[in-house]
Amino acid sequence: MFCHEVMLKLKPEYWKKHSIEAVNSALQAVQSDLSCCVFSAEAMQNCVVRDINYDILVKVRLDRKDSLEKYLNHPRHLSLSREFAPYLTEKAAVDYVLD
């Protein structure tokens, strides 16, 4: 299994217009569209306020490394990325193989 995890740090204004449920709904739509290669996709909201913490962790499980490009270029993923863009202050990602 191939894992793609992304941490997002957002401007406080993001939460005035959006919710973690909306992010998960969008991720579920991508998972549904790519059910052949996306096993799971979920977002979790940070619950401890610290300067070093990020606001959202996105965890995506794929069948193999080659499927990452399919996921990243999917129209719903691109739309979600555009939605985050004005609010994003930092982003970090880790991709790894889980045996």
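Residues numbered from 1 in each chain as written. Predicted model: local features only at pLDDT ≥ 70, side-chain atom pairs only at ≥ 80, totals over all residues. Heavy atoms only, no water.

> Help me out: how do you make sense of helix α2 (residues 20-33) in this one?
The periodicity of an α-helix, 3.6 residues per turn, causes residues three or four places apart in sequence to face the same way. The end-to-end C-alpha separation of α2 is 20 Å, in line with the 20 Å expected for 14 residues at 1.5 Å each. Burial in α2 covers these residues: Ile 20, Val 23, Asn 24, Leu 27, Ala 29, Val 30 and Gln 31. (Helix = DSSP H or I, 4+ residues; strand = E, 2+ residues; numbered from the N terminus. Expected span 1.5 Å × (residues − 1). Buried < 20%, exposed > 50% of the residue type's maximum accessible area, 1.4 Å probe, protein only.)

> Quick question: what am I supposed to make of the state of the cysteines here?
Two cysteines whose sulfur atoms are joined by a covalent bond form what is called a disulfide. Going through the model one piece at a time under the given rule, you end up with zero disulfides. Cys 3 takes part in no disulfide bond, and the closest cysteine sulfur to it belongs to Cys 37, at a distance of 14 Å. (Disulfide = S-S within 2.5 Å.)

> Looking at this structure, I do not really get the sheet that holds strand β2 (residues 38-45). What am I missing?
What holds strands together in a sheet is hydrogen bonding between their backbones, with the strands either parallel or antiparallel. The four strands lie next to each other as β2-β3-β1-β4, forming an open sheet whose pairing is antiparallel. If you trace the sheet from one side to the other, it starts and ends with β2 and β4 (88-97), each paired once. Each strand of the sheet is rotated relative to its neighbour by a mean of 10°, with strand direction disregarded. Where strand β1 (residues 2-10) and strand β3 (residues 56-62) come together, seven bridges link them in antiparallel fashion. Within β3, the residue paired with Glu 5 across the bridge is Lys 59. Contacts between α2 and the sheet are confined to β2 and β3, with β2 contributing the most and set at about 170° to the helix. (Pairing = 2+ DSSP bridges. Axes fitted to C-alpha atoms, helices over the stretch in contact; angles between N-to-C directions. Contact = heavy atoms within 4.5 Å.)

None of the figures reported here should be taken as evidence of function without further support.
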